[in-house]
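Structure assessment
Here are the chains, one letter per residue:
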Amino acid sequence: MKYRVVGWTDYDSDIVPEARGRIGYAECCAVIDEIKKHGYLFSGWDHQECLYCVPVLNDGKKRCFSQRGWGGIMAEAYGYTDPYDYSLFTFYESIDPEKVKKPSASFNPGTFTPETDLNERFLLTANEFFFRHADANNPFCIDDTEAFRFIDAGDTLTLCYANEEIDFFVTEIDRTHRTIGRTDAARADIKGKILVSFDPTKITKR
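Every residue gets a number counted from 1 within its own chain, in the order that chain's sequence is written. A pLDDT threshold of at least 70 governs which residues receive local features in this predicted model, and a stricter bar of 80 or more applies before side-chain atom pairs are shown or counted, although totals over entire chains, interfaces and linings include all residues. For side-chain calculations, the full set of non-hydrogen atoms in the structure is used, while hydrogens and water are omitted.

1. Concerning the side chain of Thr9
Each helix is a run of H or I in the DSSP string that is no shorter than four residues. Each strand is a run of E no shorter than two, and both are numbered from the N terminus. Note that Thr9 resides in strand 1 (residues 5–9). On the basis of relative accessibility, which here comes to 3%, the residue Thr9 falls in the buried class. Residue contacts are defined here by distance: any two heavy atoms, one from each residue, within 4.5 Å place the two residues in contact. If near-sequence neighbours (up to four positions away) are discounted, Thr9 is found in contact with Val16, Tyr52, Cys53, Val54, Val56 and Lys62. Only protein chains enter the accessibility calculation, which uses a 1.4 Å probe; a residue whose area is less than 20% of its type maximum is buried, one above 50% is exposed, and one in between is partly exposed.

Structure below.
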């Protein structure tokens, strides 16, 4: 998905609509990239209680996180990877006030037209074994690399082998492996992988 942050609004604002449902990994990546780009640093409490601390993406909708969820976003943006590092960025005055940096301007929906064509095509060159395996298995796994940070439901994944190509219309991207692991061992076997589910009625072969 071609997600990007286009502005900032307030948690309780009724002017900017809120995206409903689970906030996906690709959306989080867009927010993290914006934080890194501008050096923003503020807590989950700030995210919910202060002006201009809720990101608006280019679909025209804001992303509202729990305080802990926002702490996790900020932790990842600053390279903290331990399971409980979110707590460094979650609560009121978790961050030294002298180091806090927030966006300074509010998003104006009246001057913005939401982008509707956000779907992307991702290419993956495969060997013959994987090419045939993916064609016969739904879902299948691919490596969780930088190239696929923004892949999401609604995108197209094109597998290429020799002179053959298959287009898969993606219906779900699962980095938690909840749809496979019956045991911790099963989940460990696919660590570092993305599970790609697709619509079998929308496969295109060339």
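2. With respect to the layout of surface pockets
Taken as a whole, the largest pocket encloses approximately 460 Å³ of empty space. Here a cavity means grid points, on a 1 Å grid over the protein atoms only, where a 1.4 Å probe fits yet cannot get out; a pocket means an open set of points with protein on both sides within 12 Å along at least five of seven lines; lining residues are those with an atom within 4 Å of a point. Every residue lining the largest pocket is counted, 23 residues in all, and those nearest its centre are Arg22, Ile23, Gly24, Tyr25 and Cys28. Taken together, the elements giving at least two residues each to the lining of the largest pocket come down to helix 1 (25–38), helix 3 (67–77) and strand 6 (164–174). Top element by residues in the lining of the largest pocket is helix 1. It accounts for 5 residues. Gly is placed with the polar residues, together with every amino acid not listed as nonpolar (Ala, Val, Leu, Ile, Met, Phe, Trp, Tyr, Cys and Pro) or charged (Asp, Glu, Lys and Arg). For the lining of the largest pocket, the class distribution of residues is 10 nonpolar, 5 polar and 8 charged. Grid points are joined across faces, edges and corners, and a volume is the space filled by probe spheres set on the points.

3. Some details on the confidence of the model for the protein
The pLDDT score gives, residue by residue, the confidence of the prediction method on a 0 to 100 scale. Residues with a pLDDT of 70 or more make up 93% of the protein, whose mean pLDDT is 91. No element of the protein has a lower mean pLDDT than helix 5 (residues 184–189), at 44, and none a higher one than strand 5 (residues 156–161), at 98. Residue range residues 179–188 is modelled with pLDDT below 50. Its contacts to residues more than four positions away, or to other chains, number 10 contacts.

4. Remarks on unusual backbone geometry
Cis geometry marks the peptide bond from Asn138 to Pro139; its omega dihedral reads 10°. Looking at where Pro139 falls in the secondary structure, it is placed in the loop between helix 4 (128–136) and strand 4 (140–143). Not every positive phi belongs to a glycine, and Ala162 is a case in point at roughly 50°. Locating Ala162 in the fold gives a position in the loop between strand 5 and strand 6. Overall, the relative accessible area of 67% leaves Ala162 in the exposed class.

5. Description of helix 4
Of the residues making up helix 4, those classed as buried are Phe130, Phe131 and Ala134. Taken down its axis, helix 4 places every buried residue within 105° of arc, on the same side. Residues of helix 4 that are exposed and point over 90 degrees away from its buried face: Phe129 and Ala136. Of the surrounding elements, those touching the buried residues of helix 4 are strand 3 (121–125), strand 4, strand 5, strand 6 and strand 7 (193–198). Its side-chain oxygen at 3.3 Å from the backbone nitrogen of Phe129, Asn127 defines the N-terminal cap of helix 4. Here the arc refers to the set of directions running from the helix axis out to each C-beta atom. Polar contacts here mean pairs of N or O atoms no more than 3.5 Å apart (in protein, one a potential hydrogen donor and the other a potential acceptor; neighbouring residues in sequence count only if both atoms are side-chain atoms).

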